[in-house]
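Residues per chain are reported as follows:
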Amino acid sequence: MELTYRPRRLRRTPALRAMVREHQLSSADFIYPLFVHEGTDVEPIGAMPGASRWSLAALTGEVQRAWNLGVRCIVLFPKVAEGLKTEDGAECFNANGLIPRAIRQIKQEVPGMAIMTDVALDPYSCDGHDGIVSPAGVVLNDETIELLCKQAVVQAEAGADLIGPSDMMDGRVGAIREALDDEGFEHVGIISYTAKYSSAYYGPFREALDSAPRAAGSKPIPTNKDTYQMDPANAREAITEAQLDEQEGADIMMVKPGLAYLDIIHRLRNESELPIAAYNVSGEYSMVKAAAERGWIDERAVVLETLLSFKRAGADLILTYHACDAAEWLRQG
């Protein structure tokens, strides 16, 4: 048989494969999500094996562990005490609240670690929505943005490096950029949840924070987030969202979830020169963990292949609960 080109020539040895490998994973690609709470214990999360809610006393040790493994950014999510949740979520801009204290602590004890925050009302809302819910059961856009700007400024004052608006309100990136600049935080970046879909993959996360939508008295509460998060059927709409976020001043754009939306990551990569992040969300994480616990898959191989798929699709950064495990596996070679 006469073949002009044999692709297998460059697959023949590990050295040759390494020479022509198109994409590489690094621990510096990862952003490590961490759940924090006011308690004194480290609480394992039942739906997310290997993940926990961290007390402030234990949080720094986990951040230091991530730093030692080469992870250079973490993102903080609060489990807010029930008594602090209100219809307007005002606890979100309490300068002495859980997240500002966590930021200040980390900056003092692991000063090199970049800190990303979450900007949305759902952890702080008794309604469980990312915005203010009107008496008629409508999630209000512009009124919500006023509170998100206050939240972002408080987080920046505490020392956050990246503000992450996850709420999907229209116009919030531009408003937050203006609010940060007005308060002298021009150096603080915005990593926008640009294409955040109304997905079934978020269930374990909502258990971790107790942040799912819920009824409160007689007010009608939407049972899902379909009116502000994106329809999973839509792809072109993600380009519109990306164009708006870029115009409004986003520094990094994110796609969430990641694994079921690799096509969206690729579309954004082709449309923008900004860094693109993919969120390897809780449902994706938990499915891998459950299958691995049953011996159905090789956890290490599946995780690394999954993370590599985000890079191949065009992501520069990956938010993943696997961050420390993956960094350790990469170190081992």
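Just so it is clear, the model here is predicted, and its values are computed rather than measured. (Residues numbered from 1 in each chain as written. Predicted model: local features only at pLDDT ≥ 70, side-chain atom pairs only at ≥ 80, totals over all residues. Heavy atoms only, no water.)

Novice: Just checking my understanding: could you explain the nonpolar core for this structure?
Specialist: Burial of nonpolar side chains together is a common tendency in soluble globular proteins. Formed by 81 residues in total, the largest nonpolar core has its most connected members in Leu59, Leu76, Ile176, Leu180 and Ile264. Looking at this core element by element, the count peaks at eight residues for helix α4 (residues 142–158). Among residues more than four places away in sequence, those in contact with leucine 59 are Leu34, Val36, Trp54, Leu76, Ala102, Gln105 and Ile106. Core analysis: the second largest hydrophobic core is formed by 25 residues, Ala51, Val75, Leu162 and Ala277 among them. (Core = buried A, V, L, I, M, F, W, Y, C linked by side-chain atoms within 4.5 Å. Buried < 20%, exposed > 50% of the residue type's maximum accessible area, 1.4 Å probe, protein only. Helix = DSSP H or I, 4+ residues; strand = E, 2+ residues; numbered from the N terminus. Contact = heavy atoms within 4.5 Å.)

Novice: Would you mind going over the UniProt feature "active site" (unreviewed entry) in the protein chain with me for this structure?
Specialist: Within this structure's numbering, the places UniProt gives as "active site" (unreviewed entry) are Lys196 and Lys256. The greatest C-alpha distance among the residues just named is 4.7 Å, despite their covering 61 residues of sequence, which places them together in space. The annotated residues contributing to the lining of the largest cavity are Lys196 and Lys256. Using a relative accessible area of 6% as the deciding quantity, one classes lysine 196 as buried. (UniProt positions renumbered as here; feature names shortened; annotations may be inferred. 1 Å grid on protein atoms, 1.4 Å probe; cavity = no way out; pocket = protein on both sides within 12 Å on 5 of 7 lines; lining within 4 Å.)

Novice: Help me understand the side chain of glutamate 241 in this model?
Specialist: With respect to the element layout, glutamate 241 can be found in helix α7 (residues 236–248). Buried charge without a salt bridge: glutamate 241, with arginine 172 as the nearest opposite-charge side chain at an N-O distance of 5.0 Å. With residues near it in sequence (within four places) discarded, glutamate 241 still touches Met168, Thr194 and Met230. (Lys, Arg positive; Asp, Glu negative; His and termini not counted. Salt bridge = Lys/Arg side-chain N within 4 Å of Asp/Glu carboxyl O.)

Novice: Help me understand empty space enclosed by the protein, please; the structure alone is not making it clear to me.
Specialist: Rolling a probe over the atoms, with the probe sized like a water molecule, indicates the empty space that remains. Applying the stated rule across the entire model yields one cavity of 30 Å³ or more. Taken as a whole, the largest cavity holds about 110 Å³ of empty space. Around the largest cavity, the lining comprises 13 residues; the ones closest to its centre are Asp122, Lys196, Phe205, Lys225 and Lys256. Partitioned by chemical class, the residues of the lining of the largest cavity number four nonpolar, three polar and six charged. (Points joined across faces, edges and corners; volume = space filled by probe spheres on them. Nonpolar A, V, L, I, M, F, W, Y, C, P; charged D, E, K, R; others polar.)

Novice: Could you clarify how one ought to interpret the packing of helix α3 (residues 98–109) against α4 in this entry?
Specialist: When two helices pack together, their arrangement is given by the angle between their axes and by how far apart the axes lie. Contact geometry for α3 and α4: axes closest at 8 Å, N-to-C directions at 25°. With respect to their mutual orientation, α3 and α4 come out roughly parallel. Considering the relative orientation of α3 and α4, their crossing is right-handed. Only Val154, Gln155 and Ala158 of α4 make contact with α3, whose side of the interface consists of Ile99, Pro100, Ile103 and Arg104. (Axes fitted to C-alpha atoms, helices over the stretch in contact; angles between N-to-C directions. Parallel < 35°, antiparallel > 145°, perpendicular 65-115°, else oblique. Left-handed = near helix turned anticlockwise from the far one by under 90°.)

Novice: Mind showing me how you'd approach the pairing of strand β12 (residues 317–320) here?
Specialist: A regular strand places its side chains so that they alternate between the two faces of the sheet. Judged by which residues are buried, β12 turns out to be covered on both faces: Leu317 and Leu319 on one side and Ile318 and Thr320 on the other are all buried. One ladder, built from two bridges, connects strand β1 (residues 30–37) with β12; its direction is parallel. Directly across from isoleucine 31, in β12, lies its bridge partner leucine 319. Pairing of strand β11 (residues 276–280) with β12 involves four bridges; the strand directions are parallel. In the sheet register, tyrosine 279 faces β12, and the bridge partner there is leucine 319. (Pairing = 2+ DSSP bridges.)

Novice: It is not clear to me how the packing of aromatic side chains should be interpreted in this structure. Could you clarify?
Specialist: Within a pair of aromatic rings, the relevant descriptors are the distance that separates the centres and the angle that separates the planes. For the structure on display, the rule yields eight aromatic pairs. Aromatic side chains phenylalanine 35 and tyrosine 321 sit 5.8 Å apart centroid to centroid with 15° between the ring planes, which places their arrangement in the stacked category. Remark: tyrosine 321 occurs in the loop between β12 and α11 (323–332) and phenylalanine 35 occurs in strand β1; sequence separation between them is 286 residues. As far as burial versus exposure is concerned, phenylalanine 35 and tyrosine 321 are alike and both buried. For the pair tyrosine 193 and tyrosine 279, a centre-to-centre distance of 6.5 Å together with 50° between the ring planes defines the contact as tilted. One end of the pair, tyrosine 193, is in strand β9 (residues 189–196); the other, tyrosine 279, is in strand β11, with 86 residues separating them in the sequence. Here tyrosine 193 falls in the buried class, since its relative accessible area comes to 1%. Grouping aromatic residues by their ring pairs yields a cluster made of Phe35, Phe77, Tyr193, Phe205, Tyr279, Tyr285 and Tyr321. Here the guanidinium or amino end of lysine 256 rests over the ring plane of tyrosine 202, the centre of that ring lying 4.9 Å away. Here lysine 256 stacks its cationic end above the ring of phenylalanine 205, 5.1 Å away from the centre of that ring. (Phe/Tyr/Trp six-rings, centres within 6.5 Å; stacked < 30°, edge-to-face > 60°. Lys NZ or Arg CZ within 6 Å of the ring centre and 35° of its normal.)

Novice: How should I be thinking about the pattern of salt bridges in this particular structure?
Specialist: Charged atoms that come close allow side chains of opposite charge to pair. All told, the structure shown has 16 salt bridges when counted by the stated rule. A salt bridge links arginine 101 to glutamate 38; the shortest N-O distance between them is 2.4 Å. Taken together, the residues span a long stretch of sequence, with arginine 101 in helix α3 and glutamate 38 in the loop between β1 and β2 (43–44) at a distance of 63 residues. For arginine 101, a relative accessible area of 27% puts it in the partly exposed group. Across the pair aspartate 245 and arginine 172 runs a salt bridge whose closest N-O atoms are separated by 3.8 Å. Of this pair, aspartate 245 sits in helix α7 while arginine 172 sits in helix α5 (residues 172–182), and the two are 73 residues apart along the sequence.

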